[in-house]
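# Close look at the chain arrangement
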Amino acid sequence: MKSAITALVAALVLVPAAARAEHGYVGLGLDAGGPQGLGASVVVRPVSWLRLHGGATTDLAAPGVRGGFTLAVPWYIGPALTAEAGYQWPGNFNHLARLVTGNDPHISLLDHVGYRYASLQAGLDLGWPRWFQLTLRAGYSAIAAETSGLPAYVASQAPGSTVRVGREASVRVLTPSASVGLLFYVR
């Protein structure tokens, strides 16, 4: 994960000056969707059909980071393909469950949830490619996480039972994902 973030930062910093002068734009991206939650990113477009982005996210339980790239046709309505990867630090999802359901489930397995993800999404960019765009995306995300407190949780659910869990579990999911965002270019 660190090497991917390092590579993204290097690509953002080392974009050739000639490409930036001819096609380059720097901007801010704001988006919402899954699995990243809410995000804000710095966006660099070294050539008209490529955008690199890196920034911060939150799933409303904890902060995270992500980086990726988008291949796009720079039209007023243009197709785009986005690939990104990110990490969400562990947070208490009981608070998020309370926001959604209105009652406090306090499930110990939700006390410490963090995950890694990689997404591939296709969609449309709408707007003027030099200044502002609305992005609509849908695709798939691979999510990986490890449980925290699974043996204690299983033991508390069936006291006196012969069912035992000896260690934490790894969870891997491939799931549909979607996002909507705004891009604002300042240069």
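Before any of the text, the structure's been laid out above.
A brief structural summary. What you see as residue numbers is a count from 1 along each chain, following the sequence as written. Where local features are concerned, this predicted model is filtered to residues with pLDDT of at least 70; where side-chain atom pairs are given and counted, the filter is 80 or more; whole-chain, interface and lining totals use all residues. With hydrogens and water excluded, all non-hydrogen atoms of the structure serve as input to the side-chain values.

### Re the overall build of the protein
For clarity, the threshold we go by: Strands here are runs of E lasting at least two residues and helices are runs of H or I lasting at least four, both read from the DSSP assignment and numbered beginning at the N terminus. Here's how the labels work: a residue is buried when its accessible area is under 20% of the maximum for its type, exposed when over 50%, partly exposed in between, all with a 1.4 Å probe on protein chains only.
Helices and strands together make up the secondary structure of the protein, namely four helices and eight strands. Reading the protein from its N terminus to its C terminus gives the helix and strand order α-α-β-β-β-β-β-α-β-β-α-β. With 187 residues in all, the protein has 35% of them scored as buried.

### Considerations on the pattern of salt bridges
Note the cut-off: Salt bridges are defined by distance alone: a side-chain nitrogen of Lys or Arg within 4 Å of a carboxyl oxygen of Asp or Glu.
Applying the stated criterion across every chain, the model contains six salt bridges. Note that E84 is salt-bridged to R66, the shortest N-O span being 3.8 Å. Placement of the pair is E84 in strand β5 (residues 77-91) and R66 in strand β4 (residues 63-72), with a sequence separation of 18 residues. Of the two residues, E84 and R66, neither departs from the other in class, the shared state being buried. One salt-bridge network, in which partners are shared between bridges, spans D31, R66 and E84.

### Notes on helix α3 (residues 93-101)
Our working rule: Here the arc refers to the directions that run from the helix axis out to each C-beta atom. Residue contacts are defined here by distance: any two heavy atoms, one from each residue, within 4.5 Å place the two residues in contact. Contacts described as polar in this section are N or O atom pairs within 3.5 Å, which, within protein, must combine one atom able to donate a hydrogen with one able to accept it, while residues neighboring in sequence count only if both atoms come from side chains.
Of all the residues in α3, the buried ones are F93, N94, L96 and A97. Taken down its axis, α3 places every buried residue within 155 degrees of arc, on the same side. Where α3 is buried, its residues touch β5 and β6 (113-128). Capping the start of α3, N92 holds a side-chain oxygen 2.8 Å from the backbone nitrogen of N94, two or three residues further along. Directly after α3, the chain includes G102, whose backbone phi takes a positive value near 90 degrees.

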